[in-house]
Amino acid sequence: MIVDSAVYEDGRRTDGSLEQRPPGSFVWIGIKDPTPDEFDSLQREFGLHPLAVEDAAEAHQRPKLEVYGDMLFLVLKTARYVDPEEVVTLGELLVFCGPDYLITVLHGEPGSLASARQVLESDPKRMSLGPNAALHAVLDTVVDDYGPAIEGLQNDVDEVEGELFSPERTNVAERIYKLQRETLQFRRAVAPLVDPLERLSRGQFDVHEGVRAYFRDVLDHAIRAREMLDGIRDLLAGSLQANLAQVSVRQNEDMRKISAWVAIAAVPTAIAGIYGMNFRHMPELGWYLGYPFALALMLVICAFLYMRFKRAGWL
């Protein structure tokens, strides 16, 4: 489905058709979940390389930058954080950038390039730089969207740390593992994008000089996003180790409490066991105060043990 399509001349949107666009203009086409027929028509119209078209049709590609003659083919991931499920939903964006065209193909739910087009259309001077300026606007929008997703993950990590060191006996291992998985998948979408952006910012390709500085800015944002994800990954790894240590400590505390109560219960059990033997020749059998004395002895020893264990922190 074609989301938007326009011809730009001297930095301004025109009403010209794609087939009869004037010299020096370029076309910007946005497609979402295209059909094979739509791809075929675009391939014939702009001479897109078959390998790039195959990648764009099948999707599920890793972020990369490939060159086919005078065309750049770029694959990158879009991201959106879903708070209730604590997941980062990833989409896929494929970009064909040629001398007089820019074609964006979006697969999946997250991401919209409408804001990028609106911002660039409001700046005809930048738009007049051609498809390279539109390519930067697309990259800048996608990378900027990484920020809210990373912030959502960071908030979840802060909540995990609060639960981890709270007095309540909670086990957050499952939540930590799920956040680790989301962070790892998100990083796999961000980290490979750094190299293509470096190549664009260094002018390795035929990129307009006026746009190269903008690519360096996007590169800085991508590197910062990667570093923040590395930090979140390390925090989660440390939180998981701390959780395991806390579980071990709590198990030791439980064993101490159980051992203390067993020791206290052993005293009356031992005394009652001795008195319950009912031997004929026992000096206490004929003693009038023998029974209350035995009960008092049990109570005194149990109270003494309870105080000692309490003072030692076992109870």
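Details of the structure are given in the entry above.
Small disclaimer: the values here were computed from a predicted structure and weren't measured. (Residues numbered from 1 in each chain as written. Predicted model: local features only at pLDDT ≥ 70, side-chain atom pairs only at ≥ 80, totals over all residues. Heavy atoms only, no water.)

1. Quick notes on the packing of aromatic side chains
Describing an aromatic ring pair means giving the distance of the ring centres and the angle of the ring planes. Counted under the stated rule, the structure contains 5 aromatic pairs. An angle of 25 degrees between the planes, with centres 5.4 Å apart, marks the rings of Tyr-8 and Phe-26 as stacked. Taken together, the residues span a long stretch of sequence, with Tyr-8 in strand β1 (residues 2-9) and Phe-26 in strand β3 (residues 26-32) at a distance of 18 residues. The two residues Tyr-8 and Phe-26 agree in class, both being buried. Look at Tyr-8 and Trp-28: their rings are 6.4 Å apart centre to centre, the planes differ by 50 degrees, and that puts the pair in the tilted class. Placement of the pair is Tyr-8 in strand β1 and Trp-28 in strand β3, with a sequence separation of 20 residues. Each member of the pair Tyr-8 and Trp-28 is classed as buried. Aromatic ring contacts, followed pair by pair, group Tyr-8, Phe-26 and Trp-28 into a single cluster. Directly above the ring of Trp-28 sits Arg-117, whose terminal nitrogen or CZ lies 4.3 Å from the centroid. Arg-126 extends its terminal NZ or CZ atom over the ring of Tyr-214, reaching a point 4.8 Å from the ring centre. (Phe/Tyr/Trp six-rings, centres within 6.5 Å; stacked < 30°, edge-to-face > 60°. Helix = DSSP H or I, 4+ residues; strand = E, 2+ residues; numbered from the N terminus. Buried < 20%, exposed > 50% of the residue type's maximum accessible area, 1.4 Å probe, protein only. Lys NZ or Arg CZ within 6 Å of the ring centre and 35° of its normal.)

2. Comments concerning the pairing of β3
Along β3, 7 of the 7 residues are buried, which leaves the element largely enclosed by surrounding structure. In β3, alternate side chains face the same way, and those of Phe-26, Trp-28, Gly-30 and Lys-32 on one face and Val-27, Ile-29 and Ile-31 on the other are all buried. Of the pairings in the sheet, the one linking β3 to strand β7 (residues 101-107) comprises 6 bridges and is parallel in character. Residue pairing across strands places Val-27 opposite Tyr-101, the latter belonging to β7. (Pairing = 2+ DSSP bridges.)

3. Some words on the pattern of salt bridges
Counted by the stated rule, this structure contains 12 salt bridges. Here Asp-156 and Arg-175 are joined by a salt bridge, their closest N and O atoms 3.9 Å apart. You can see Asp-156 sitting in helix α6 (residues 146-164) and its partner Arg-175 sitting in helix α7 (residues 173-190), a full 19 residues away along the chain. Across this residue pair, the class does not change: Asp-156 and Arg-175 are buried. Close ionic contact of Glu-159 with Arg-175 constitutes a salt bridge, the shortest N to O distance being 2.5 Å. Pair noted here: Glu-159 is in helix α6 and Arg-175 is in helix α7, with a separation of 16 residues, a long-range link. (Salt bridge = Lys/Arg side-chain N within 4 Å of Asp/Glu carboxyl O.)

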